[in-house]
Amino acid sequence: MNYRTDLAIESKEMIEEKHKGKKVEIPGVEVDEDQYGYGVKVIRIKITTEEGSRIMGKPLGNYITIEAKDLVDGEEEVKQETVKAITAELSKLVRFHNKLNVLVIGLGNEMVTPDSLGPCTVSKVKVTRHMFVITGAESYEDVGCVSALIPGVMYTTGMESAELIRSAVEIAKPEVVIAVDALAARSVDRISSTIQITDTGISPGAGTGNMRKDLTEKSLGTRVIAIGVPTVIDSKTLILDNLAGYLKKPEEAERHIEKNGHSMIVTTTDIDQIIADFSEVIANGINNTLHPGIYSS
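A brief look at the structure comes next.

Quick word on the packing of helix α3 (residues 76–93) against helix α11 (residues 271–290)
Next up, step 1: Closest axis-to-axis distance for the α3/α11 pair is 8 Å, and the angle between their directions is 45 degrees. Relative to α11, α3 is oriented oblique. Every pair of crossing elements has a handedness; the one defined by α3 and α11 is right-handed. Listed contacts from α11 to Lys79, Thr82, Val83, Ile86, Thr87, Leu90 and Ser91 of α3 are Asp277, Glu280, Val281, Ile282, Asn284, Gly285, Ile286, Asn288 and Thr289.
Next up, step 2: Among the residues forming the contact of α3 with α11, the class breakdown is six nonpolar, seven polar and three charged.

Notes on a negative patch on the surface
Next up, step 1: A surface patch of negative charge is lined by Asp70, Glu75, Glu76 and Glu77.
Next up, step 2: On the secondary structure map, Asp70 appears in the loop between β3 (61–67) and α3.

Looking at the environment of Ser147
Next up, step 1: On the secondary structure map, Ser147 appears in strand β5 (residues 145–149).
Next up, step 2: Between the alpha carbons of Ser147 and Asn101 there is a distance of 8.1 Å; along the sequence they are 46 residues apart.
Next up, step 3: Ignoring anything within four residues of it in the chain, the contact list for Ser147 reads Val102, Leu103, Val104, Val127, Arg129 and Ala172.

Points about the pairing of β3
Next up, step 1: Among the seven residues that make up β3, six are buried, leaving the element largely enclosed by the rest of the structure.
Next up, step 2: Looking at chain direction, strand β2 (residues 41–47) and β3 are connected through seven bridges and run antiparallel. Of the residues in β3, the one forming a bridge with Arg44 is Ile64.
Next up, step 3: Note: β3 against strand β7 (residues 194–198), five bridges, orientation antiparallel. Each bridged residue has a counterpart across the sheet, and for Thr65 the counterpart in β7 is Gln196.

Here's the deal with the environment of Glu217
Next up, step 1: As for its placement among the helices and strands, Glu217 is situated in helix α8 (residues 217–220).
Next up, step 2: Separated by 17 residues in the primary sequence, Glu217 and Thr200 place their C-alpha atoms 8.1 Å from one another.
Next up, step 3: Look past the residues within four positions of Glu217 in its chain and what remains in contact with it is Thr222, Arg223 and Val224.

Focus on unusual backbone geometry
Among all residues save glycine, negative phi is the norm, and among peptide bonds the norm is trans.
Next up, step 1: At Tyr38, a position not held by glycine, the phi torsion is positive, near 55 degrees.
Next up, step 2: Relative to the helices and strands, Tyr38 resides in the loop between β1 (29–35) and β2.
Next up, step 3: On the accessibility criterion, Tyr38 (47% relative accessible area) is partly exposed.
Next up, step 4: In the Ramachandran plot, Asp142 falls in the positive-phi region, its phi being about 65 degrees despite a non-glycine side chain.

Points about helix α7 (residues 161–172)
Next up, step 1: Between its first and last C-alpha atoms α7 spans 16 Å; for twelve residues at 1.5 Å apiece the expected length is 16 Å, and the two agree.
Next up, step 2: When α7 is considered as a whole, its buried residues turn out to be Ser161, Ala162, Ile165, Ala168, Val169 and Ala172. Buried residues of α7, viewed axially, fall in a sector of 120 degrees; they line one side. Turned more than 90 degrees away from the buried face of α7, the exposed residues are Glu170 and Ile171.
Next up, step 3: Downstream of α7 by a residue or two, Lys173 has a phi angle that is positive, lying close to 50 degrees.

Some thoughts on the pairing of β2
Each regular strand carries side chains that alternate between the two faces of the sheet.
Next up, step 1: Taken across its seven residues, β2 has five buried, putting it largely inside the fold.
Next up, step 2: Direction of pairing for β1 relative to β2: antiparallel, over a ladder of seven bridges. Counted as the bridge partner of Val31 is Ile45 from β2.
Next up, step 3: Counting the residues that bridge the hairpin from β1 to β2 gives five residues, and of these Tyr38 lies at a positive phi of roughly 55 degrees.

Calculation rules
Residues numbered from 1 in each chain as written. Predicted model: local features only at pLDDT ≥ 70, side-chain atom pairs only at ≥ 80, totals over all residues. Heavy atoms only, no water. Axes fitted to C-alpha atoms, helices over the stretch in contact; angles between N-to-C directions. Helix = DSSP H or I, 4+ residues; strand = E, 2+ residues; numbered from the N terminus. Parallel < 35°, antiparallel > 145°, perpendicular 65-115°, else oblique. Left-handed = near helix turned anticlockwise from the far one by under 90°. Contact = heavy atoms within 4.5 Å. Nonpolar A, V, L, I, M, F, W, Y, C, P; charged D, E, K, R; others polar. Patch = residues over 30% accessible without salt bridge, like charges linked within 9 Å, V, L, I, M, F, W, Y side chains within 5 Å. Areas by Shrake-Rupley, 256 points an atom, 1.4 Å probe, with all protein chains shown as cover. Salt bridge = Lys/Arg side-chain N within 4 Å of Asp/Glu carboxyl O. Lys, Arg positive; Asp, Glu negative; His and termini not counted. Charge placed at Lys NZ, Arg CZ, Asp CG, Glu CD. Buried < 20%, exposed > 50% of the residue type's maximum accessible area, 1.4 Å probe, protein only. Pairing = 2+ DSSP bridges. Expected span 1.5 Å × (residues − 1). Arc of directions from axis to C-beta.

Next comes the structure, spelled out in C-alpha cells:
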C-alpha cells in the first residue's frame, strides 16, 4: 500500500515491514544512531547511491531524525536535550566561521496552525544582518550574519514562495539557506515526537499537500538545509495504517478510498502546543549553531 510520508525514517520502516519487521541492509543506505539524555534519540540515514535513492524514494543525501517523545508539555530537561541534539547535528551541516552568512526561511501559513511551524520558528531566530550592513563589518567573533524571510503562501501574496526566496538569496548572498517547514507523517505518534534535518532541500507545502517549486541547491544556487516536523497526516494513510491488521484485502480498501473518499489532511487536537514547543527548540538549535558567541547549548 502507498502510505504518504515525508520522513526518511518512516520510508525505512516501511521497507522493513515488507521483511516482517526485521532490520534489513538497504544497498547504498547507511544508518547509525546516538542516544542523548531523557530519551532523546538521533537516527542518521545517509543515502549514497542511486539504487538506495530508488529504494527509499528519497534524493541522495543525509536525513537526520531526532526523536523526543516527551517534549510536548514535558520536562524542561527534555527540551534542553533536544536543543543539544539539534545543535550538534545542524553544526555538522553548517559549520560556524566568523564570516558565516545564512538566510533562514520560515515556510508555511502562519494563519493555519498545522502549517505555521516555519513562521513561528523564524520569529524566534536571532537576525543580525542589519548589524553588518549598518556598521560595514565583515565579521563579528562568534556571531553569524543571519537574515530571515517568511514568504507566506501564494494565495495571500500572489507570488510563489520560491520566487521570493530566490530574490532574497540574490540580496543576502548566503552560503547556506536553512528552510523550516511542516511535514506529513504516516504515524500519529511522529507528530508530537519527531524532527527531521536534511541537506537535500525541500518542497514548500509538502506537509499540507500543496507542494510548490522545490528549494534545492540547483534551484537557488546555494546549499539548502531543511528542518521539518510532521504536523499532519493524509486521511487515507491514517485509515489504512490503523486498520492494516483488520483488512483482509487492503489493496481493495485502498482503491475504494481513492475512488469514493475525499482527500483530506488531518492533525491532532494539541497541535497548538506542538507548534509552540517545537518552534522553540528548533529556533534555539539554530541560534546556538549560528551565534555560538551569544547562545550556548
